[in-house]
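Listed below are the residues making up each chain.
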Amino acid sequence: MQESPHISSVYDRDLEAIQASIMKMGGLVEAAILKAAKSLETRDEALAEEVRQGDLAIDTLEEQVNDEAARVIALRAPTAVDLRVVLSVMKIAANLERIGDLSKNMAKRTGVLIQMQTIPGAPAALRRMAREVELMLKDALDAYIQRDEDLAHDVINRDADLDQMYNAIFREFLTFMMEDPRNITACMHLHFIAKNIERMGDHVTSIAEQVIFLVSGEAPRERRPKADKTSYDPDLAPGADEAGD
Amino acid sequence: MYDTSKTADGATEQMATKFHCADVQVFYGATHAIKDVNVDIQDKTVTAFIGPSGCGKSTFLRCLNRMNDTIDVARVEGTILLDGEDVYDARVDPVQLRAKVGMVFQKPNPFPKSIYENVAYGPKIHGMARTKGDLDELVERALRRAALWDEVKDRLDATGTGLSGGQQQRLCIARAVATEPEVLLMDEPASALDPIATSQIEELIDELRQNYAVVIVTHSMQQAARVSQKTAFFHLGNLVEYDDTSKIFTNPEDPRTESYITGRIG
């Protein structure tokens, strides 16, 4: 937050308050991602419950950010960079809220998965994926605070790595399910968790795009790299990969 | 260079240049009040001049119809062309020029005469009406154009100074448009008015744009944002930035413009 101060210091305090709420939200969401992934790996039902309960606080903060943003628009009629601050916090709050929901969904599935036979390697792989997306989120929020366009671009580019991880996990789960149909229920849940994390990456990317919009005044134009091929690549369909592996 | 204007719906309109200003300098005695201003003001467009007090926006506005001639110590240099004709050419009669380039001031200043006389005065001295019927028609047209007709049509003989502030200002606008000008200069036309009267003036400005080039000096940035298609930001006698209003208020190029419109420098 490097803009020089307004003549009206109350205006500065209003804008800082909204941005502080966003950072608080970001902290809660980062923690939720890590806790959800940890509870899955350590089969910790209490920790999963904590994540499920914690989502309310995130939702409440989002409402607070939107209320504060609406108030600033009504009372201050922000322009230029101030307007972009207000617009971007609203979008970022929505993205964070979605990531919070996806973490909560992970924790819900963890509650079910704990009752089942474990799929070897899967929780650890998912936790690595979750840690990756959490790092991306942390960098996106740092980029926001420091108004760092380069770091935001870096975050956007890293989403492709996350998609690669998702592709690999997708194939792995298919293999497990083909090997033994009794794995299907657990693998379906695990797959949804992987998909949740992959979606989080998209939301983080969107946050990074807001940083670029905030700093430059223009949304990034270039197509961002997409590496999630599971929805259209027949090579990832069952039976198609015998020759490969 | 600045020959396109974005309308509200985002379409790009091509408008003819009304005023071409190149290397304009204004001195008040030893004070260099306007420095190297280059700007093309478009026809059928509202152009807003914004900037802190003393930045030169009113001074520059007054160059456009030679109002600075009335100030002894003021000296204007550079080129100002109205439809290609030099405004400062020795053969140009300032009175004729001001009939073409009308002006409305901050404080409503109707003549201490009847409403009718206020509007009829200009057309009369410029010999624009041959008969009383012609003049009546002209007065009615001007008052309608200034959105005042319905309020005053039954009391055209009443004195102009007896109207409310907002009505007086619209009367001054009617007076300015009565001489069929091509350009309307407005120096803070709504700053002495309440919000309702301000809205009426702003609505009027938007309608006037159909027929005239309108140049408005305003301290209210929200007003500039609401009424204009082009905005020029002046600072310390320099024209810092001139662009589409939507660009100036969302993503200005110059950090000084950004600081001013977001309330960081006065």
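- Chain B appears in an unreviewed UniProt entry as Phosphate ABC transporter ATP-binding protein from Rhodosalinus sediminis.
- UniProt annotates chain B under Subcellular location (unreviewed entry) with the comment "Cell inner membrane".
- You can read under Function (unreviewed entry) in the UniProt record for chain B the words "Part of the ABC transporter complex PstSACB involved in phosphate import. Responsible for energy coupling to the transport system."

- Going by what an unreviewed UniProt entry lists, chain A is known as Phosphate-specific transport system accessory protein PhoU and is assigned to Rhodosalinus sediminis.
- Taken verbatim from the UniProt record of chain A, the Function (unreviewed entry) comment is "Plays a role in the regulation of phosphate uptake."
- Per UniProt, the comment on chain A under Subcellular location (unreviewed entry) is "Cytoplasm".

1. Regarding the confidence of the model for chain B
All names here are of chain B.
1) Next: The pLDDT averaged across chain B works out to 90; a share of 94% of its residues lies at or above 70.
2) Next: Ranking the elements of chain B by mean pLDDT puts strand S1 (residues 4-6) last, at 45, and strand S5 (residues 46-50) first, at 97.
3) Next: Below a pLDDT of 50 lies the segment residues 1-12, which in the model reaches 24 contacts outside its immediate sequence neighbourhood of four places, other chains included.
4) Next: Both scores are available for the predicted complex, with the pTM at 0.80 and the ipTM at 0.71.

2. Regarding the side chain of A:Gln210
1) Next: If you trace the backbone, A:Gln210 turns up in helix H6 (residues 184-216).
2) Next: Not counting chain neighbours up to four residues away, the residues in contact with A:Gln210 comprise A:Ser88, A:Lys91 and A:Ile92.

3. A look at the packing of helix H4 (residues 122-146) of chain A against H6(A)
Residue and element names in this part refer to chain A.
1) Next: Where H4 contacts H6, the two axes come as close as 9 Å, and the packing angle between them is 10 degrees. Looking at the two axes, H4 sits roughly parallel to H6. The residues of H6 that touch H4, namely those facing Ala122, Leu126, Met129, Ala130, Val133, Met136, Leu137, Ala140, Ala143 and Tyr144, are Leu190, Ile193, Ala194, Ile197, Glu198, Met200, Gly201, Val204, Ile207, Ala208, Val211 and Leu214.

4. A closer look at the side chain of B:Thr198
Residue and element names in this part refer to chain B.
1) Next: Mapped onto the elements, Thr198 comes out in helix H7 (residues 195-208).
2) Next: With a relative accessible area of 12%, Thr198 lands in the buried category.
3) Next: A polar contact is formed between the side chain of Thr198 and the backbone oxygen of Leu193, at a distance of 3.5 Å.
4) Next: The residues contacting Thr198, other than those within four sequence positions of it, are Ala190, Leu193 and Gln223.

Cut-off values and rules
Residues numbered from 1 in each chain as written. Chains lettered and ligands numbered in written order. Predicted model: local features only at pLDDT ≥ 70, side-chain atom pairs only at ≥ 80, totals over all residues. Heavy atoms only, no water. UniProt positions renumbered as here; feature names shortened; annotations may be inferred. pLDDT = per-residue confidence, 0-100. Helix = DSSP H or I, 4+ residues; strand = E, 2+ residues; numbered from the N terminus. Contact = heavy atoms within 4.5 Å. Axes fitted to C-alpha atoms, helices over the stretch in contact; angles between N-to-C directions. Parallel < 35°, antiparallel > 145°, perpendicular 65-115°, else oblique. Buried < 20%, exposed > 50% of the residue type's maximum accessible area, 1.4 Å probe, protein only. Polar contact = N/O pair within 3.5 Å; in protein donor to acceptor, adjacent residues only side chain to side chain.

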